[in-house]
Amino acid sequence: MPFRLMSDREQVEAAVAAGTDLSGAYLSGANLSGADLTGADLSGAYLTRANLDGANLTGANLTGANLSGANLSGVDLTRAYLSGAYLTRANLDGANLTGANLSYVKGYSR
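Residues numbered from 1 in each chain as written. Predicted model: local features only at pLDDT ≥ 70, side-chain atom pairs only at ≥ 80, totals over all residues. Heavy atoms only, no water.

Visitor: Break down the overall build of the chain for me, with residues and values.
Guide: Regarding its fold elements, the chain presents one helix and zero strands. For 110 residues, the compact-globule formula gives about 13 Å, and the C-alpha radius of gyration of the chain, at 13 Å, lands near that figure. Residue burial in the chain is summarised as follows: out of 110 residues, 41% are buried. For the chain, the share of sequence-separated contacts (at least 6 apart) that also reach a separation of at least 24 residues comes to 3%. Working note: accessible area of the chain is about 5800 Å², and carbon and sulfur atoms make up 49% of it. (Helix = DSSP H or I, 4+ residues; strand = E, 2+ residues; numbered from the N terminus. Rg over C-alpha atoms; globule rule 2.2 N^0.38 Å. Buried < 20%, exposed > 50% of the residue type's maximum accessible area, 1.4 Å probe, protein only. Contact = heavy atoms within 4.5 Å. Areas by Shrake-Rupley, 256 points an atom, 1.4 Å probe, with all protein chains shown as cover.)

Visitor: Could you give an account of the pattern of salt bridges, with specific residues and numbers?
Guide: This structure, assessed with the given rule, holds one salt bridge. Between Arg9 and Glu13 there is a salt bridge; the shortest N-O distance is 2.9 Å. With Arg9 and Glu13 both in helix H1 (residues 8-17) and four residues apart, the pair spans about one turn of that helix. (Salt bridge = Lys/Arg side-chain N within 4 Å of Asp/Glu carboxyl O.)

Visitor: An account of H1 is needed here, citing residue identities and associated values.
Guide: If you check which residues of H1 are buried, you get Val12, Ala15 and Val16. On an axial view of H1, the arc spanned by its buried residues comes to 100°, and they lie on one face. Within two residues after H1, Gly19 carries a phi angle of roughly 80°, on the positive side. (Arc of directions from axis to C-beta.)

Visitor: Requested: an account of unusual backbone geometry, with residues and values cited.
Guide: For Arg49, which is not glycine, the phi torsion reads 55° and is therefore positive. For Arg49, the position within the fold is in the segment after H1. Phi is positive for Arg79, which is not a glycine, with a value near 55°.

Visitor: Before we move on, could you go through the side chain of Thr48 and cite the residues and values that matter?
Guide: In this fold, Thr48 is placed in the segment after H1. Of the residues examined, Thr48 reaches a relative accessible area of 14% and is grouped as buried. Apart from residues lying up to four places away in sequence, Thr48 is in contact with Ser28, Gly29, Asn66 and Ser68.

Visitor: Break down the packing of aromatic side chains for me, with residues and values.
Guide: The tally for this structure, following the rule as stated, stands at one aromatic pair. Measuring from ring centre to ring centre gives 6.2 Å for Tyr26 and Tyr46, while their planes differ by 40°; the resulting arrangement is tilted. Pair noted here: Tyr26 is in the segment after H1 and Tyr46 is in the segment after H1, with a separation of 20 residues, a long-range link. Judged by relative accessible area, which is 64%, Tyr26 ranks as exposed. On the accessibility criterion, Tyr46 (42% relative accessible area) is partly exposed. Its guanidinium or amino end placed over the ring of Tyr86, Lys106 lies 5.2 Å from that ring's centre, counting from NZ or CZ. (Phe/Tyr/Trp six-rings, centres within 6.5 Å; stacked < 30°, edge-to-face > 60°. Lys NZ or Arg CZ within 6 Å of the ring centre and 35° of its normal.)

Shape is all these values report; function is a separate question.
Listed below in structure tokens is the structure:
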């Protein structure tokens, strides 16, 4: 079988599907646009300047994650845990935050 490089999105989706713990992962600048990260554990992950445009993060654990400067436009964050997350300069245009836990979030105002 020939070796094939996977995109950031494919690698992270495969890890989530396999139940891999991505807490504390360094994904700064990663292209995760359109990724299905439903229920992913990304607590404490570094997602600075990552592109998550249109990604599904329903029920994901992003507690303490650093999303500064990330593109979160159109992201589904329904029932996601963002307690203590950093959202300074993050683009949340069109993001669905229904039922999301935003307690102690830094750099975000509705």
